Amino acid sequence: MDEHIIQDDDDEDREALAALSSIPPPQLKIHSYSQQLRATSAQKRYHQVRKHSMDDIPKPPDHYYNNDVSSDDEFFPYSSSSINAPSAEEYIIPHSQRLNQNLSLEGCPDDPRHCHPLPEFIAAAGNTSIFKVPKRATVHPARPPCLELRPHPLRETQVGKFLRNIACTDTQLWAGQECGIRFWRFQDAYEPGLGAKVRRGDEDAAPFQESANTSPAMCLLVDSGNRLVWSGHKDGKIRSWKMDHPADDTSPFKEGLSWQAHRGPVLSIIMSSYGDLWSGGEGGAIKIWPWESIEKSLSLRPEEKHMAALLVERSFIDLRSQVTVNGNCNISSSDVKCLVSDNVRAKVWCAQPLSFSLWDARTKELLKVFNIDGQTENRVDIPSAPDQPAVEDEMKVKFVSTSKKEKSGGFLQRSRNAIMGAADAVRRVATRGTGAFAEDNKRTEALVLTADGMIWSGGTNGLLVQWDGNGSRLQDVIHHPCAVQCFCAFGTRIYVGYVSGMVQVMDLEGNLIAGWMAHNGPVIKLAAGNGYIFSLATHGGLRGWNISSPGPIDSLLRSDLAEKETIYSRQDNVRILIGSWNVGQGRASQESLMSWLGSVASDVGIVVVGLQEVEMGAGFLAMSAAKETVGLEGSSIGHWWLDTIGKALDENTTFERMGSRQLAGLLVSLWVRKNLRMHVGDIDAAAVPCGFGRAIGNKGGVGLRIRVFDRLICFVNCHLAAHLEAVNRRNADFDHIYRNMVFSRSSNLLNNAAAGASAAVQTLRVTNAAGVNAEETKLDLAEADMVVFFGDFNYRLFGISYDEARDFVSQRCFDWLREKDQLRAEMKAGKVFQGMREALIRFPPTYKFERHRPGLAGYDSGEKKRIPAWCDRVIYRDNRSGPVSECSLECPIVSSILLYDACMDVTESDHKPVRCKFHSTIAHVDRSVRRQEFGEVIQSNKKVRSLLDELHYVPETVVSTNNIVLHNQDTLILRITNKCDKDKAIFKIICEGQSTVKDDEEVADYHPRGSFGLPRWLEVTPAAGIIKADQFVEISVHHEEFHTLEDLVDGIPQNWWCEDTRDKEVILRVIVQGSCSMETRSHQIHVRHCFSVKTVRIDSKSNNYRKGRGGSLHRSELQQLSSSSDD
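For clarity, every value in this text was computed on a predicted model and none was experimentally measured. (Residues numbered from 1 in each chain as written. Predicted model: local features only at pLDDT ≥ 70, side-chain atom pairs only at ≥ 80, totals over all residues. Heavy atoms only, no water.)

*Asks:* How do you make sense of the pairing of strand β53 (residues 1064–1073) when you look at a structure like this?
*Replies:* The side chains of a regular strand alternate, first on one face of the sheet and then on the other. Burial within β53 is extensive, with ten of its ten residues counted as buried. Residues Lys-1064, Val-1066, Leu-1068, Val-1070 and Val-1072 of β53 are buried on one face, and the alternating residues Glu-1065, Ile-1067, Arg-1069, Ile-1071 and Gln-1073, pointing to the opposite face, are buried as well. Of the pairings in the sheet, the one linking strand β47 (residues 985–996) to β53 comprises ten bridges and is antiparallel in character. Following the sheet pairing, Ile-989 is matched in β53 by Val-1070. Bridging between β53 and strand β54 (residues 1081–1089) involves nine bridges; their strand directions are antiparallel. Bridging across to β54, Arg-1069 finds its partner in Gln-1084. (Buried < 20%, exposed > 50% of the residue type's maximum accessible area, 1.4 Å probe, protein only. Helix = DSSP H or I, 4+ residues; strand = E, 2+ residues; numbered from the N terminus. Pairing = 2+ DSSP bridges.)

Next up, the structure:
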């Protein structure tokens, strides 16, 4: 075709496109022009040259059509018998969104196409199965209303600052983070956020105070006895922090006593029943820091802190070395997972991934070692971890050997061999990984002591195991097939946090009471305080759940908060540009990229670009299949494309690149305008191969997921199966991608600080892949608020010849061609892209062209003469379940398409690039304002207050005596009686302090040990438990003479012969609460140890419960007494 004809074609293109906006809008629905053609010229053949073009299609109006049809398919079937029947190509006209200028809109271009929404086609079957639009509500209907102490921060704002653990005092909630410690005061829990006064991610959090920067905090411990919070850190140090800080002091608070406890991270710390601090670290290291040395160090002046640290460091007791004989250690060398103090029986539990060790808190003796199945072990054999490097070597060998086979088979044979070798390597690695997971899914993740004195452990397979105080396995249950991450016990309830984001509530017998999805990420810590169970998610979000939930209070809070929607609801507008191009292994000029993207990006806030066939060589495909890093890090050509597109978008000045993902020849990347950046984050990536054996990435999908104004949007770049007849394969490819796309963080997207959560997500998916109930796992794409699919879908035109298609294209009769579109037919039948939307196609088919030949004359005219087709498409779904929906918290994203066209002047590939511009209105919640409203409802609603007052009920109890005198080896029984005939009473006994009695019988000041621990000469058993209604429990109070291991410093005896013969006195406090009570009552009991025989006046009741002296009662008898109760 000569140059003149090409010029004519180009002129016609420009005239046709310019005419799209010249027709005034109609008043009612738009119908296809093809229907009118049939009515006037029914005798004409469908392929006859038509006398109309796209000039005849009117501009859409600025309002929704009234459409009461509830069918999934928004088309009416064509009927020749009814003259008023709608066309089979009826389009839904989206509502004209508010186009006010805001942070992501810089104004509306003069071209009317940029200002008015285009008509859209809606596929069938959108309200079925996994393709249902996710339900949204003003207040989440499937979980209790919560106190959002710290709303979900964007992950990118938390790099190096993630919260990792929490603990509650009576008045505060403390959190350990990767850069130090912070705390919230409960009295400020409902206050508005500090906004710009704090760093990004904390703007909407309740007011808090923060420490100076430290090494990442790995664990926390509350020491109420000394008003301290202890923290274990990644640098191996243990630090103390004072609870009492001035509320008006905004400067970072500083640590108190600190010392080097371990060479590696301090993984867990607890205070034993006797006030000693126990710490666990890597390699199974367990150390004890005696309270006596800690107390002395705390008493030193700040300028003596070096001396104080040295004093504690030298006092440690290494338990691992004490149970090692001839190089054989009785406990595992795996890292300590968690320590738990059994204050009921004065024991300490140490949990490691596949074993437990049980210790006496007083004598520090090892009592028992047993595995996760409850079998006692004399020596723990460490199961060897899967040899991962060997797997990688095996892959390399396999790949090399395959690629070096004899070359007599030619290029195709060698390519096939390389691809099959890579696929085999992928399968072998997958099989090996499954075996490793089968071993890992038994690992212990969490441990907790409950009110009845039982111990519960949770594993990576969701198994919950109940143990008695002696380490005997009692029962196991599974209520959720995901990994357990944490526990919390309060009253007669046990709270369990899972990697899926689920929180479940059980009773003390392990029966499931309730459960709800607390977070959209793993729940890593739970803590009880101020009437709430606080849950910390891996992303840093912190929520409080009322201790009575689920219950009547939930419906009251939910209804009141829903009524206040207008107070805390906000709406923002964002424009999104999607670009898709099959580059055919070529490269583009800067002019082409500017024509495609740069020319229409001036008013958009987000740009997403998807490329296909970036690289397609057999060797590259095989390498991509065998090595995941090719996708995570990208190839050199992929990086060239990213850099070149970045230049066209004025990257680093106007836009910021947030992330990308490559799968062989597929590449997707996302840019955000800088003034919108603070509202966009949490970027995750995913890839699903659909090529040979579902393992090769020549076909498949790559996706990015982001959070915009707290709403999830997914972008998926696809390249589906080729060839005209492969319609079913293309449908299957889409279904495979939709069901299997799992978003997770990768190293090129995020700092490695959040790597642990990424592993947790992978564990969740593997568990559910072979888990108990796959239905419990919701698909990532199905749960997003908006999903955009784009790419080379490869759907062709059917029932039409090459010459006929060329004729229709040259005449711009695209409405007729659309009736021959495979994708449109499959969507209408509900077989693919179910329920999704596409704008009216007003551009020529984008495939197949001869390279570097402009205009419509560039269509393939070679030997094959491939029929032109709309292979390259953009299809989406938002929160609308029907054609008409207003944006609200129930329908938080409502989008319309302002631009949908192809760049016909770009000639570097056999495909033309397409672009689609969305205008999205996003409804979201001002979390700070809603927290204020939540507090207002809590404090002002009389019904809510009445229900909360019921939580202050404490059963009436009495104790048998308030004074106890013990001589050497003496034992007395203290009886606690529950006078209530309806509710259980939960008790615990603490020691408020010890004092030495002077010769004049005057008692000196009382000094508490760590966490109100007991003195070493006193045994109280049981020190905690449950008293049933109208029953009592007997507590053994025993004096024990014993020289313990803390008399050693660095293994040297320290004056053990200097015995203190003075009388001592302690104050025991019996603290009582109800089964679900925020209030406590207490009884005070004075216990004196008389070293010498002397006459002491004691309460007469005390004598009635004296059982003997001089150790006349054996320990087993005392245990029987402690568990006895009235009939």
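*Asks:* Just to check I follow, could you spell out the packing of helix α8 (residues 552–563) against helix α21 (residues 942–949) for this structure?
*Replies:* Two quantities define a packed helix pair, namely the angle between the helix axes and the distance between the axes. Look at α8 against α21: their axes get within 10 Å of each other, and the N-to-C directions meet at 155°. Classified by the angle between their axes, α8 and α21 sit roughly antiparallel to one another. The interaxial crossing formed by α8 with α21 has left-handed handedness. Between α8 and α21, the residues in contact are Pro-552, Ile-553, Leu-556 and Leu-557 and Lys-943, Val-944, Leu-947 and Leu-948, respectively. When grouped by side-chain class, the residues that make up the contact of α8 with α21 number seven nonpolar, no polar and one charged. (Axes fitted to C-alpha atoms, helices over the stretch in contact; angles between N-to-C directions. Parallel < 35°, antiparallel > 145°, perpendicular 65-115°, else oblique. Left-handed = near helix turned anticlockwise from the far one by under 90°. Contact = heavy atoms within 4.5 Å. Nonpolar A, V, L, I, M, F, W, Y, C, P; charged D, E, K, R; others polar.)

*Asks:* Teacher, can you tell me more about unusual backbone geometry here?
*Replies:* Negative phi characterises most residues that are not glycine, and trans characterises most peptide bonds. Looking along the chain, the bond that leaves Tyr-847 and enters Lys-848 is cis, with omega of 0°. Inspection of the secondary structure assignment puts Lys-848 in the loop between β40 (837–839) and β41 (872–877). For the bond running from Thr-1021 to Pro-1022, omega is -10°, close enough to zero to count as cis. Of note, Ala-125 is a non-glycine position whose phi angle comes to about 65°, a positive value. Within the secondary structure, Ala-125 sits in the loop between β1 (120–122) and β2 (147–150). Owing to a relative accessible area of 17%, Ala-125 belongs among the buried residues under this scheme. Unlike most non-glycine residues, Ser-1011 shows phi in positive territory, near 55°.

*Asks:* What exactly am I supposed to notice about the sheet that holds strand β28 (residues 512–517) here?
*Replies:* Strand-to-strand pairing in sheets goes through backbone hydrogen bonds, with the strands running parallel or antiparallel. Strands sit in the order β25-β26-β27-β28 across an open sheet of four strands; the sheet is antiparallel. Looking at which strands have only one partner, the edges of the open sheet turn out to be β25 (484–490) and β28. When strand polarity is set aside, the average angle formed by the axes of neighbouring strands in this sheet is 20°. When β25 meets strand β26 (residues 493–498), the two strands line up antiparallel, connected through six bridges.

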